[in-house]
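# A structural walkthrough
Letter by letter, the chains look like this.
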Amino acid sequence: MILRPGTAVWVEHPDLTWAEAEVVSSGPTPAASSPSAVTVVLSNGVKAVVDGRKVLPRDTEADLGGVDDMTKLAYLHEPGVLCNLARRYTLNEIYTYTGRILIAINPFARLPHLYDMHMMEQYRGVQFGELSPHVFAVADASYRAMVGENRSQSILVSGESGAGKTETTKLIMRYLTFVGGRATGDIRSVEQQVLESNPLLEAFGNARTVRNDNSSRFGKFVEIQFDKSGRISGAAVRTYLLERSRVVQISESERNYHCYYQLCASGQDAVKYKLAHPKNFNYLNQSHTYELEGVSDAEEYLKTRRAMDIVGICFSHQEAIFRIVAAILHLGNIEFSPGKDFDSSVIKDEKCKLHLQMAADLLMVDANLLLSTLCYRTIKTPEGNIVKAVDSSAAVIGRDALAKTVYARLFDWLVDNINKSIGQDMESRAQIGVLDIYGFECFKYNSFEQLCINFANEKLQQHFNKHVFKMEQEEYKTEEINWSYIEFVDNQDILDLIEKKPIGIVSLLDEACMLGKSTHETFAMKLFQNLRTHPRLEKPKLSKTDFSLSHFAGKVTYQTDLFLEKNRDYIIAEHQNLLSSSKCSFISGLFASQQDDPSKSSYKFSSVASRFKQQLQALMETLSSTEPHYVRCIKPNSLNCPQKFENGSVLQQLRSGGVLEAIRISLAGYPTRRTYSEFVNRFGILVPEHMDERFDERSLTERILKQLNLENFQLGRTKVFLRAGQIAVLDSRRAEILDNAARIIQGQFQTFFARNKFLSTRDASLSLQVYCRGCLARNMFEAKRQIAAAVSVEKYARRWFCRCAYLRLRSASLVIQSGIRYILAVQQGLHFKNAKASTVIQAWWRMRKLHNFYQQYRQATVLLQCCWKQKLAKRVLRNLKHAAYETGALREAKGKLEKSLEDLTLRFTLERRQRLAAEESKASEVSKLLKVLESVKLELEASNEENKNNYKKISSLQYQLELLTRDQEALRNTLAQMEEVKRENITLKSKNIEMEQELLKAQKCSHDNMDKLHDVEKNYLHLRDNLQNLEDKISNLEDENHLLRQKALNLSPRHSRTGPSFRRFSMQSKESSPVKLAPLPHNLTELRRSRMNSDRHEDYHDVLQRCIKDDMGFKKGKPVAACIIYKCLLHWGVFEAERTTIFDFIIHTINTVLKTENENDILPYWLANASTLLCMLQRNLRSKGFIMAPSRSSSDTHLSEKANETFRSPLKAFGQRTSMSHIDARYPAMLFKQQLTASLEKIFGLIRDNLKKEISPLLSLCIQAPKLARGGSGRRSRSPDVTFQQPISTHWDRIVKFLDSLMDRLHTNFVPSFFIRKLVTQVFSFINVQLFNSMLLRRECCTFSNGEYVKSGLCVLEKWIVDTKHEHAGAAWDELKYIRQAVDFLALSVRQIYRLCTMYWDDKYGTHSVSAEVVAKMRDMVSNDGQNPVSNSFLMDDDLSIPFTTEEIAEEVPAIDMSSIEMPTSLRHVHSAQFLMQHLQSPYMPR
């Protein structure tokens, strides 16, 4: 690499890993004497001297938004990859391709617009790499490859904890269930159970770690199986290496598995299992982190329960599962202390005994037996079994082993149950496997789990390297270049170091575990003795038991302290026997009894590492049989916060994920690949003499490379392949040419600037001289002007003094004159005032005198009138009284007597009540007085004064008695008066009897009138019966006429034309009978009626079938078929029929016709006919009781109304139908109108969908500007004014031709302009949505030249709209507003503008119109607006609604006049349609 001053480079930095710099000088300096030393200036202005061999070139023309595929980078190296990812992450572009590998960076923020249903629709069926990078694109590519090639696929998701592997896996499975979901109708679909298995496995297999709140502590491989049609038919879940040690041991700031905390927060269930806060349990309180931020364990517990229900776990099993979880927590609280005997142990205290009892109850085993299994071991010998006590530490180890074993068995059962519930399709030939597995791990303390995890990653990396190498080979083969010397990078040596037998790490570990006395020191010693010379193994200097392995991602040091314990997966026989005998069938099923081998120990050893190696080998065999797809998840920072990118951490993850390894493989071949057009556009300035000649791009590329004497390049079919470092040489030469050009431009500019400065100075001096001369002339002129002004001022001053003296004299004379005139005026005014006052007094006196006389005269007149009116009124009153007395005396007397009787009765009752009350009060008072007298007699001797008082009281009581006797006499008088009233009442009753006799006479007359009315009613009933018989006879005649007509038709068709009067009568009766007459009588047999109806309907169906299936064409723009169908329905009277099958037949036949292959012709034809028929129905049908169910019976009132109507208009019963504007339609007719509306909407939707399918391929070509060929007509100019000198591509012309053909089809079928306008509007709306969404999803479309190309295409569409006129185009131009605004960058939403700003790049000049600060502010606005579900998505939805209603159709579509429609030839020989010969001639008057 040539390092000239000004060269942009990358240098290593201790904090930033790689930093941007610019070369100042190269060569040895006083600070550094090395010949390769280079002096650079960092971006912060700091100078530094670095080693030139470690400097990497930097592309100064790189896009500020980064590239979506890093194979497009000019320099494919670590800093280039890191910078590209950082730039894209800043713009919330979290997905980036590296060839076929997807890199996903965790945004630590919600981005719902990237994962909604509309986004999945956009990526469905799209070629990989055509749209922006996305995890849906990888899932879609695997699905399409599986369906197209019938080969199983696999998607490998890897990354460190917290990188987003689990969420990415969920998204992949969600997309696969979207594209391959089972048919609707399944109660519990496979895809639903697969998705719901995630929260269940997360609850029992995920935990919080230092790096991630929801870290998967196991590997998961989900196989989604598909049938032949590409639908999900089954699934299976495999798990690898569950971290069992976490059950009993966790580190600070971590948590145990989620299920423990969920159960503790479950409320009633926690109380049932005697659980409390997690801090009370030893397995949970080793870390003081009990809750997760933003997560409710109680809600997660309910979600886990719901997931169990969905995957098919019954309630009893759910209870058993959580009982086991609670038992493990209680088991962890059992502590031991040394016993009395040597090496024995006992329960520590009573609290531990309670936990022991609770654990035994939950496991449904005996508590004493559980205690003995923890504190004793049984050793089998030939002589018998020996029971041996264990010490407290061994008992704790046994307790933890029991807890780990139970939890591991439970987790395996959950996985097996999920697989059974989902169901595997054994007949499935293709499947897609999604692998969610832990990434490379390197911590301060690395134990057995890290070795297994890194071993799995080494295996996957080997598979990944082979796949990348294979992709490189495939690309080289496709481009037809030589690739035989490319070396494959393999890591088989470290795999052999770990797994090779008999001296691999795993083999040595198993051997140490089988030896009872081995420790981690002996294991480490044996490891270094056997593998000391291996290049990948190192021994740290400060530790005897640790060892280091050089993995592909870096060196990792492992601590072997717990290697042996974690590798031993032994099952204690006592534990096995205890749990297999549990009373809970679920627990005993987990530990089904197995036949024991004779052994001296109760331990059954099983190697975790060996089993994991076998599982890993099976996984690799599965992956080898599939086509892999890779997703590498990256965690941008260790703080889990958004918009923070740590270069060192990301670079380490890129190394761990194998991305840099893939780049290294690419660097071994041809890392730089450019299409010929891109290469010529960038480096064509190196050979300007050949740019205007007739060379194709390939030969021009070859000339450029040969002129620079470059070697080791390959020219493929479409690309040029360059070895590493050659692009730097080309850029260096290009920079030299651009520097020389810049110097020339600067020289010309400086000359131009100096000349302009001289000319401006000369012009300034001339202007200064002119200004000075002007100042002198102005001063002289000002002096002369001041002299003239002084003379003028003196003149005006003298005149002003003279005028002031004159004005003073004049004002004095005026004051004297005005005073004299004022005195005279005052005197005259007083004289006039006195004269006026005397006049007013005289006038008031005369008025008062006349008013008094008038009042007296008026009063006398009124008095006379009142006297006369009183006399007349008395005379009238006397006459009225006399008349009233004569006519109503008896009635008035009766009323008065009755009223007085009622009053007397009321008074009598009141007086009687008062009397009774008085007697009662008298009796009570008498009793009181007697008591008082007795008391007085007893106290008579004691007090004389009291006797006197009592005497007075007695006298007063006697007076009251006298009053009561008087009242009784008054009551007797009242009774006598009442007897007189009764005598008068008797006389009145005799008079009433006489009046009742008169009333009886009147009633007798009314009875006579009622008899006459009954006779009239009998006559009416007789007439009604006659009418019923008459209707029966008419129906019988109609049936006989129908049978005779059928016989005549069978005998001779000619005879059917004779007898027009007979046929007319039968047709008229047939037309009128279903409407105006009552239903057929019940005495007519059902067989005869059904036969008549079937024969009649067959004729009707024949006519309708001919009208629908035959192309009737159009008559003067009117659809003949619709008019004939409506006329037939009107003539047959089916609109007013309560039951008919004709409407269903019409709808069924139309739907059958629409299923033909030639949809382009048949759909517009039926759009015109269906809309016309619907308009006629809408305008002329009127609902009449169609809401109620039709009934055959009718009431008497209804029959009488029909009878009256029949008698009034006999022609309506037997003759022709009178013309009317509305028809009273029944329920079937109104239902038919609704069905016809649905058919019309279906036809419109089919036409619209077909148009979208036809125009979609054209739109995919129109969104991106075609590349202009180099040659013939010369090179493309770089001036924006001449960008499109060549004619526009034919793609837009093809759209215009497509629209013209659409209009021709619609006009040929006389489709109403209303529907044409709606169709064109929706088509242009679809064009707007497709172009706008493609611009937001495809970065190559957001270019300057492409914007001009789309804008010119929109002008073509605008011209077409103008030519088509508003009648048919409507508001089509307004539907393109979003794509027009996007091209012009006008009024879009913040999210859409932000997306355009991040996607836009200038393909001509490499400039960027939007600064990074503006983009950052817009990103903040988008993140603040992220909670709004309406604005989450930046894409637009396609409008699939029906843009019209029945009322709009009736208003917009013009009325049809059927008078000019002739009968079609195909119906002239159909007998049932002969009536059309007459009716089509009669004018049709629409509403």
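Now for a look at the structure at hand. (Residues numbered from 1 in each chain as written. Predicted model: local features only at pLDDT ≥ 70, side-chain atom pairs only at ≥ 80, totals over all residues. Heavy atoms only, no water.)

With that settled, the discussion passes to the sheet that holds strand β23 (residues 627-634). If you walk across this open sheet you meet the seven strands as β6-β7-β23-β8-β17-β11-β12, and the pairing is mixed. The open sheet has two edge strands with one neighbour each: β6 (95-98) and β12 (232-240). Neighbour-to-neighbour, the strand axes of the sheet open up by a mean angle of 20°, direction not taken into account. As defined by bridge partners, strand β8 (residues 153-158) adjoins β23 across six bridges and the pair is classed as parallel. Bridging across to β23, Ile155 finds its partner in His629. Packing of helix α1 (residues 78-90) onto the sheet brings it into contact with β6 and β7 (101-105), and relative to β6 it is tilted by some 155°. Across the sheet, helix α20 (residues 608-624) touches β8, β11 (219-226), β12 and β17 (430-436), and the angle it forms with β12 is around 145°. (Pairing = 2+ DSSP bridges. Helix = DSSP H or I, 4+ residues; strand = E, 2+ residues; numbered from the N terminus. Axes fitted to C-alpha atoms, helices over the stretch in contact; angles between N-to-C directions. Contact = heavy atoms within 4.5 Å.)

A rise of 1.5 Å per residue sets the reference length of helix α3 (residues 135-149), with its 15 residues, at 21 Å; its end C-alpha atoms lie 21 Å apart and thus fit the reference within 8%. With eleven of 15 residues buried, α3 is to be regarded as a mostly interior element. Every buried residue of α3 is listed here: Val135, Phe136, Ala137, Val138, Ala139, Asp140, Ala141, Ser142, Tyr143, Ala145 and Met146. Directly after α3, the chain includes Asn150, whose backbone phi takes a positive value near 55°. (Expected span 1.5 Å × (residues − 1). Buried < 20%, exposed > 50% of the residue type's maximum accessible area, 1.4 Å probe, protein only.)

Two strands pair when backbone bridges link them, and strand β3 (residues 37-42) and strand β4 (residues 47-51) are joined in this way by five bridges, in the antiparallel orientation. Within the sheet, the bridge partner assigned to Val40 lies in β4 and is Ala48. Counting the residues in the hairpin turn of β3 and β4 gives four residues, including Gly45, whose phi is positive at 90°.

Taken in spatial order, the three strands of this open sheet run β24-β26-β25, and their pairing is antiparallel. A strand with exactly one partner marks an edge of an open sheet, and here the two such strands are β24 (672-675) and β25 (713-715). Each strand axis lies, on average, 15° off the axis of its neighbour in the sheet, ignoring direction. Sitting on the sheet, helix α23 (residues 676-683) is in contact with β24, β25 and β26 (719-722), with an inclination near 95° to β24.

Relative to the elements of secondary structure, Asn419 occurs in helix α12 (residues 392-422). On the basis of relative accessibility, which here comes to 12%, the residue Asn419 falls in the buried class. The contact partners of Asn419, leaving out residues within four places of it in the chain, are Ala235, Ala236, Val237 and Gln424.

Between its first and last C-alpha, helix α16 (residues 520-531) extends 16 Å over twelve residues, near the 16 Å set by a 1.5 Å rise per residue. Within the sequence span of α16, burial applies to His520, Phe523, Ala524, Leu527, Phe528 and Leu531. Buried residues of α16, viewed axially, fall in a sector of 125°; they line one side. More than 90 degrees from the buried face of α16, the exposed residues found are Met525 and Gln529. Buried residues along α16 sit in contact with α14 (492-499), α15 (505-514), β18 (537-538), β19 (547-551) and α17 (563-567). (Arc of directions from axis to C-beta.)

With respect to burial, β11 is a largely interior element, eight of its eight residues being buried. Every second residue of β11 is oriented toward a common face, with Gly219, Phe221, Glu223 and Gln225 on one face and Lys220, Val222, Ile224 and Phe226 on the other, all of them buried. Pairing analysis gives eight bridges linking β11 to β12, with the strands arranged antiparallel. By the bridge assignment, Gly219 is partnered in β12 with Tyr240. The antiparallel hairpin formed by β11 and β12 contains five residues in its connecting segment, where Gly230 sits at a positive phi of about 85°. Examined bridge by bridge, β11 and β17 share seven bridges and lie antiparallel to one another. If you follow Phe226 over to β17, its bridge partner there is Ala430.

The subject of this paragraph is the nonpolar core. In terms of nonpolar packing, the biggest core is built from 137 residues, with Phe204, Tyr260, Phe586 and Leu654 touching the most fellow members. Among the elements that take part in this core, α12 stands out by supplying twelve residues, more than any other. Beyond its immediate sequence surroundings of up to four residues, Tyr260 is in contact with Val247, Leu284, Val325, Ile328, Leu329 and Tyr407. Core analysis: the second largest hydrophobic core is formed by 77 residues, Ile1223, Ala1229, Ile1295 and Met1303 among them. (Core = buried A, V, L, I, M, F, W, Y, C linked by side-chain atoms within 4.5 Å.)

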